[in-house]
Amino acid sequence: MSVDELIAQRDRARQDYEALVAKGLKLDLTRGKPSPRQLDLADGMLAAVDRAVSADGVDLRNYGGLEGLPELRAIFTEALQVPVGQLLAAGNSSLELMHDAIVFALLGVLPGAERRWADEPEITFLCPVPGYDRHFAICERYGIKMVAVPMTPDGPDMDVVEQLVAADPQVKGIWCVPKYSNPDGTVYSDDTVRRLAAMETAAPDFRIFWDNAYAVHHLTDQPAEIADVLALCAEHGHADRAFVFGSSSKITYAGCGVAFFGSSPANIEWWVSHTSKRSIGPDKINQLRHVRFLGDADGLRQHMRNLADLIRPKFDAVDKILTAELGGTGLATWTAPAGGYFITLEVPEGCAREVVAKAKAAGIALTPAGASHPYGDDPADRTIRLAPTYPDLAEVEAAITGVATVVRLVAAEKALSTT
Ligand code: PMP
């Protein structure tokens, strides 16, 4: 494009941006929260319990049952690919369980470990990028060094992962969101899962933090299936390698769901040796509420289909608007996930921060640029996470149309500044 053409393009984009600002929008695409209508679909939970007794006659009002209600664990065993006996139902947040797993490993000796992680000179976690900022925040809080690993359409780049874990015994873990990952919607291929399970690690106490937060969050009628990480780890002689996490936060109520932890028998024993000091048992009435409301694995599947009917139009709208506004311009690429909660928008290098800042000035709040990278630092300044579930459809449409305008302006200004 000639400089004159670029200037004309920039001026057009500026006018569109000024018109956008003049609208005085107040829209928020920052966090992956369920919309009120999604939450309404789970309101059956509010009246689901009138008697606090479990299937085997236990009085759920009392202390006890640290492992969680067996009938709830039975509903989630298939979705999380963890045998019921190795799956625990806990409190309302899986992030809390991931946090605790790190703290327990720092302060107690993991199965297979030579010493507590706190006694190691340094601990490193591999962080596939783009990834989930709250994973990175836990590492940062506890002084765990993070090394970014690029994502591929099949999951983390396994050539890089295999090399890093083999070379350094201080590399103790990797964060994985294996299905419809946050934020790019990637589904790990069977080969990726097999390589994660089979790879040789210099650390004897290496752990995969398998955050299967979106295990059942399909947006199409072809649910993605991933390989069974616990079974593959055991098959390759690394039975204690994977910690599996999940929750019903984006199934029932985000603030009052149930979180799950699954792993090998040795890891479960280790986990309970810590949690039994911390609690006399979880909120079993909330767990019963979930059992009554969901019923069984088929009930869970049906509920997810009902939720998808609310979410899909928003994902479709994002793709349609970005295609109409930016398709073929070379100014952006974006993912079109088949499930989960997020879309990743890639803008020209060096533009993401400016896009987020200008969107904010126009009343459109986006997740901070860099949030999808360790230490909030996206070296290419290119990746933006879009979270379309919370606003209603008209708001999503307005916000994405606005984002496209901002991308055109920022990209034109950037192109001019480098000519
Ligand atoms: N893991 C991932 C990948 C997530 O995207 C989220 C929510 N944004 C969570 C965990 C949080 O889960 P919970 O509500 O169970 O703490």
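The rules behind the values
Residues numbered from 1 in each chain as written. Predicted model: local features only at pLDDT ≥ 70, side-chain atom pairs only at ≥ 80, totals over all residues. Pairing = 2+ DSSP bridges. Helix = DSSP H or I, 4+ residues; strand = E, 2+ residues; numbered from the N terminus. Core = buried A, V, L, I, M, F, W, Y, C linked by C-beta atoms within 7 Å. Buried ≥ 20, exposed ≤ 12 C-beta atoms within 10 Å, placed from the backbone. Domains from an automatic or database assignment. Contact = placed C-beta atoms within 7 Å. Right-handed = clockwise from strand over helix to strand, strands pointing away.

As named in an unreviewed UniProt entry, the protein is DNA-binding transcriptional MocR family regulator, taken from Kribbella antiqua.

Asks: Can you help me understand the sheet that holds strand E13 (residues 383-386) in this one?
Replies: One key point about sheets: their strands pair by backbone hydrogen bonds, in either a parallel or an antiparallel sense. The strand order E10-E11-E13 describes an open sheet built from 3 strands, whose pairing is antiparallel. Of all strands in the sheet, those bounded by a partner on one side alone are strand E10 (333-334) and E13. The pairing of strand E11 (residues 343-346) with E13 spans 4 bridges and is antiparallel. Looking across to E13, one finds that Leu-345 is bridged to Ile-384.

Asks: What's the story with the nonpolar core in this structure? I'm lost.
Replies: Grouped burial of nonpolar side chains is what soluble globular proteins tend to show. Residues Phe-260, Val-347, Val-355 and Val-407 are the most contacted members of the largest nonpolar core, which totals 121 residues. Take this core: its biggest share by element is 11 residues, from helix H13 (residues 393-417). The two domains that each donate at least three residues to this core are domain 1 (3-30 + 301-417) and domain 2 (53-294). The contacts of Phe-260, once residues within four sequence positions are left out, are Phe-76, Leu-80, Leu-87, Leu-88, Ala-89, Ala-90, Ser-94, Phe-245, Gly-246 and Ser-247.

Asks: Teacher, can you tell me more about helix H12 (residues 352-361) here?
Replies: Given 3.6 residues per turn, any residue in an α-helix points the same way as the ones three and four places further on. Among all positions in H12, only Ala-352, Val-355, Val-356, Lys-358 and Ala-359 are buried. If you follow the buried residues of H12, they end up packed against strand E12 (364-366), E13 and H13. Following H12 by one or two positions, Gly-363 adopts a phi angle in the positive range, close to 85 degrees.

Asks: Sorry if this is basic, but what is going on with the pairing of strand E6 (residues 171-176) here?
Replies: It is a general feature of regular strands that their side chains alternate between the two faces of the sheet. Counting buried residues along E6, 6 of its 6 residues qualify, which places the element largely inside the surrounding structure. Bridge analysis of strand E3 (residues 124-129) against E6 gives 3 bridges, and the strand direction is parallel. Its bridge partner being in E6, Thr-124 is matched across the sheet by Val-171. Across 4 bridges, the pairing between E6 and strand E7 (residues 207-211) is parallel. Across the sheet, Gly-173 pairs through a bridge with Arg-207, a residue of E7. For the segment spanning E6, helix H7 (residues 190-198) and E7, crossover handedness is right-handed.

Asks: Can you walk me through unusual backbone geometry in this structure?
Replies: The phi torsion of most residues other than glycine is negative, and most of the peptide bonds are trans. Cis geometry marks the peptide bond from Val-129 to Pro-130; its omega dihedral reads 0 degrees. Within the secondary structure, Pro-130 is located in the loop between E3 and helix H5 (133-141). Pro-183 follows Asn-182 through a cis peptide bond whose omega is 10 degrees. Relative to the helices and strands, Pro-183 resides in the loop between E6 and H7. Of note, Tyr-375 is a non-glycine position whose phi angle comes to about 60 degrees, a positive value. Classification of Tyr-375 by C-beta neighbours within 10 Å gives exposed; the count is 12. One non-glycine residue, Asp-381, lies in positive phi territory at about 45 degrees. With respect to the helices and strands, the residue Asp-381 is situated in the loop between E12 and E13.

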